[in-house]
Amino acid sequence: MTDLFIGGEWGPAEAGATFTTLNPADGSVFEECAEAGAPDVDRAVAAARSALADPAWAGMTAAARARMLWRVADLVEEHADELAELETRDNGQPLAVAGGVTVPGAAEHFRYFAGWCTKIEGSVVPVSFPDTLHYTRREPVGVCALITPWNFPLMLAAWKLAPALACGNTVIIKPAEQTPLSTVMLVELMERAGFPPGVVNLLTGGPATGAALAEHSGVDKVSFTGSTEVGRKLVHASAGNLKRLTLELGGKTPSIIAADADIDAAVAGNVQGALFNSGQVCAAYARFYVDRRRADEFTEKMAAAAAALVLGPGLDPASQLGPLVSEEHLAKVDSHVRGARAEGAELVTGGRRAGGRLAEGFFYEPTVFAGVTDEMAIAREEVFGPVIPVLAYDDPDEIVERANDSAYGLAASVWTRDLSTAHRLAAKVRAGAVFINMIHVPDAATTWGGFKASGWGREMGPYAIDAYTEVKGVWTHLGGA
Ligand code: NAD
């Protein structure tokens with residue numbers, strides 16, 4: 001049983017409510033967690049508000065804050081194996097992903113933002129008034145509610161906690177109800193790093209807990225990663241006190257494979273780009289526009305590579321693809337696949353739940369469709385699963401319009417040997433990140449976020465500092481009072 005963490009104390013929800021998380025590899029109950037209700041949200045907001053004014057935090061030097069964040073990174077690394085196993089059992093991702101990407105990625109994020117603490121500067125501005133000194137200050141936004149999804153729970157928690165705290169905010173983190181456990185452990189480690197009580201608070205729970213935070217007038221900012229549908233709800237929920245809002249939402253990343261691409265390299269990269277974490281990645285390559293002259297070759301090789309991947313429990317070192325996160329999500333993926341078949345897409349491989357020794361878990365066979373057209377739902381809607389729809393194009397000039405014909409704009413990918421093709425497309429595609437001849441990767445040092453319905457604002461790099469600070473202008477008349 002895991003507890004809430006409010007004002008430096010661990011304890012159950014006031015109403016005693018709990019929920020369970022499952023191990024998606026076999027469907028068994030894994031852990032019971034406290035489910036925060038409205039009174040717990042009130043207590044967490046009050047604790048975070050009072051910590052904001054506490055000299056132990058508000059008066060802490062930037063250098064001391066930096067050391068604390070660095071210490072979190074050290075603690076994450078000291079407990080790397082435990083965290084990775086927890087993530088694999090709660091989320092399903094293969095241990096190699098949890099241990100090789102998730103945990104080091106989270107630690108690195110704390111280190112990167114530890115470095116920022118001492119570099120959050122204002123500037124002196126040459127205003128056009130005589131005898132006037134004007135300078136800017138960057139101040140914390142205040143109490144930040146951080147709401148995360150289930151696909152990379154630990155890493156996404158770090159993406160929010162590290163910059164929010166680097167900027168001197170206080171936080172209430174609410175992980176997804178499907179996968180709260182690595183966040184619970186991260187908060188335990190943060191407690192050991194020595195943050196004053198109330199600076200870091202944890203509320204586990206579902207949509208109602210998130211909604212109560214988003215509506216709360218004591219919360220100054222919501223940073224949300226999740227679906228576009230819930231993102232829209234947060235826009236409404238935050239209107240009361242006009243909270244600051246950062247939204248990292250869904251995607252439908254186009255991957256464009258030009259006639260001159262090295263097809264074997266493109267297949268190797270696109271299989272990873274599409275199927276990493278079983279396709280449960282916001283930037284996953286999710287619609288493949290291939291020059292018609294290479295489309296059959298690409299499709300056959302993609303299908304062979306996808307079918308060769310070993311599907312299995314994340315804790316089994318042989319597994320390359322783990323289960324989907326839940327029965328409910330598997331049903332959603334399957335309904336997209338059935339819809340594509342009904343619309344006339346040609347199923348090349350996969351297309352069903354895995355059986356045999358995997359029947360108890362939420363495993364779905366990697367799926368490739370050929371003959372997909374732009375109007376089909378499988379080419380337009382976010383599936384968030386191991387599904388690869390291949391579309392052909394005839395004229396390179398049509399591809400920008402087709403790639404941009406989407407509600408989303410999180411990422412895009414281009415595969416070509418021609419530099420001008422690569423950079424012309426990179427400039428014209430409406431997406432927050434473009435990956436040329438490579439898979440999607442995040443890095444703490446540079447921007448992450450989307451155009452259009454993929455979100456508002458940016459995380460990472462200096463953009464995260466903008467997102468977690470308010471800018472104030474200070475004016476002084478130098479001519480005497
Ligand atoms: P989700 O929107 O269903 O849930 C995300 C979080 O929001 C959970 O913690 C959930 O409890 C909470 N929530 C649900 N309803 C809420 C409400 N009304 N008010 C406040 N909080 C609420 O998303 P999910 O299914 O957990 O995650 C998958 C989605 O996340 C996909 O669409 C994916 O593209 C997106 N995602 C985006 C990024 C990015 O960086 N852009 C990264 C990862 C995932």
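Small disclaimer: the values here were computed from a predicted structure and weren't measured. (Residues numbered from 1 in each chain as written. Predicted model: local features only at pLDDT ≥ 70, side-chain atom pairs only at ≥ 80, totals over all residues. Heavy atoms only, no water.)

1. Concerning the pattern of salt bridges
Stage number 1. Following the criterion strictly, the structure yields 24 salt bridges and no others.
Stage number 2. Of the charged contacts in the structure, one is a salt bridge between Asp264 and Lys301, with a shortest N-O distance of 2.9 Å. Within this pair, whereas Asp264 is found in helix H10 (residues 263-275), its partner Lys301 is found in helix H11 (residues 292-308), the two being separated by 37 residues in sequence.
Stage number 3. Judged by relative accessible area, Lys301 falls into the partly exposed class, the value being 31%. (Salt bridge = Lys/Arg side-chain N within 4 Å of Asp/Glu carboxyl O. Helix = DSSP H or I, 4+ residues; strand = E, 2+ residues; numbered from the N terminus. Buried < 20%, exposed > 50% of the residue type's maximum accessible area, 1.4 Å probe, protein only.)

2. A few points about the UniProt feature "domain: Aldehyde dehydrogenase" (unreviewed entry) in the protein chain
Stage number 1. When the UniProt feature table is mapped onto this chain, "domain: Aldehyde dehydrogenase" (unreviewed entry) is found at residues 13-473.
Stage number 2. Secondary structure within residues 13-473 divides into 41% helix and 20% strand; the distance between the first and last C-alpha atoms comes to 42 Å. (UniProt positions renumbered as here; feature names shortened; annotations may be inferred.)

3. A short note on the pairing of strand E10 (residues 244-248)
Stage number 1. In terms of residue burial, E10 counts as a mostly covered element, since four of its five residues are buried.
Stage number 2. Taken together, the five bridges between strand E9 (residues 221-225) and E10 define a ladder with parallel strand orientation. Bridged to Lys221 within E10 is Arg244.
Stage number 3. Once you follow E9 into helix H9 (residues 228-237) and on to E10, the crossover reads as right-handed.
Stage number 4. Sheet analysis places E10 next to strand E20 (residues 455-456), joined by two bridges and oriented antiparallel. The residue of E20 that forms the bridge with Glu248 is Gly455. (Pairing = 2+ DSSP bridges. Right-handed = clockwise from strand over helix to strand, strands pointing away.)

4. What about the site of the ligand?
Stage number 1. In the neighbourhood of the ligand, 29 residues make up the surrounding shell, with Thr148, Glu177, Ser227, Leu249 and Glu382 lying closest.
Stage number 2. Those elements giving two or more residues to the shell around the ligand turn out to be helix H8 (207-215), E9 and H9.
Stage number 3. Split into classes, the residues belonging to the shell around the ligand amount to 16 nonpolar, eight polar and five charged. (Near = heavy atom within 4 Å. Nonpolar A, V, L, I, M, F, W, Y, C, P; charged D, E, K, R; others polar.)

5. Comments concerning H10
Stage number 1. Over its 13 residues, H10 extends 17 Å from the first C-alpha to the last, a length consistent with the 18 Å expected when each residue adds 1.5 Å.
Stage number 2. If you check which residues of H10 are buried, you get Ile263, Ala266, Val267, Gly269, Asn270, Val271, Gly273, Ala274 and Leu275.
Stage number 3. In this structure, the buried residues of H10 make contact with strand E11 (253-257), strand E12 (285-291), H11, strand E15 (387-393) and strand E17 (411-415).
Stage number 4. Looking one or two residues past H10, Asn277 carries a phi angle of roughly 55 degrees, positive in sign. (Expected span 1.5 Å × (residues − 1). Contact = heavy atoms within 4.5 Å.)

6. A word on the sheet that holds strand E18 (residues 433-436)
Within a beta sheet, neighbouring strands are joined by backbone hydrogen bonds and run either parallel or antiparallel to one another.
Stage number 1. Spatial strand order, E13-E14-E15-E12-E11-E17-E18: seven strands in an open sheet with mixed pairing. The open sheet has two free edges, formed respectively by strand E13 (346-349) and E18, since each of these has just one partner strand. Ignoring strand direction, the axes of neighbouring strands in this sheet form an average angle of 25 degrees.
Stage number 2. Pairing of strand E14 (residues 367-370) with E15 involves three bridges; the strand directions are parallel. Paired with Phe369 across the strands is Pro389, a residue of E15.
Stage number 3. Most of the contacts of helix H12 (residues 327-342) go to E14, to which it runs at about 25 degrees, and overall it touches E13, E14 and E15.
Stage number 4. The sheet contacts of helix H15 (residues 419-428) involve E11, E17 and E18, and relative to E18 the element is tilted by about 165 degrees. (Axes fitted to C-alpha atoms, helices over the stretch in contact; angles between N-to-C directions.)

7. What to know about unusual backbone geometry
Stage number 1. The residue Asn277 is not glycine, and still its phi comes out positive at about 55 degrees.
Stage number 2. Its location among the elements puts Asn277 in the loop between H10 and E12.
Stage number 3. By relative accessible area, Asn277 is classed as buried at 5%.
Stage number 4. In this structure, Met460 takes a positive phi of about 70 degrees despite not being glycine.
Stage number 5. By the secondary structure assignment, Met460 is in the loop between E20 and helix H16 (461-467).

8. Section: the packing of aromatic side chains
Stage number 1. A full pass over the atoms with the stated rule returns eight aromatic pairs.
Stage number 2. Where Trp150 meets Phe384, the ring centres are 5.3 Å apart and the plane angle is 75 degrees; that geometry is what we call edge-to-face. Taken together, the positions of Trp150 in the loop between strand E6 (143-147) and helix H6 (153-166) and Phe384 in the loop between helix H13 (377-380) and E15 put the pair 234 residues apart, joining distant regions of the chain. Like Phe384, Trp150 is buried.
Stage number 3. Arranged with centres 5.8 Å apart and planes meeting at 65 degrees, the rings of Trp159 and Trp448 form a pair that is edge-to-face. Of the two residues, Trp159 sits in helix H6 while Trp448 sits in the loop between E18 and strand E19 (451-452), which places them 289 residues apart along the sequence. Taken as a pair, Trp159 and Trp448 share a single burial class, namely buried.
Stage number 4. Residue placement shows Arg111 over the ring face of Trp70; its charged tip is 4.9 Å from the ring centre. (Phe/Tyr/Trp six-rings, centres within 6.5 Å; stacked < 30°, edge-to-face > 60°. Lys NZ or Arg CZ within 6 Å of the ring centre and 35° of its normal.)

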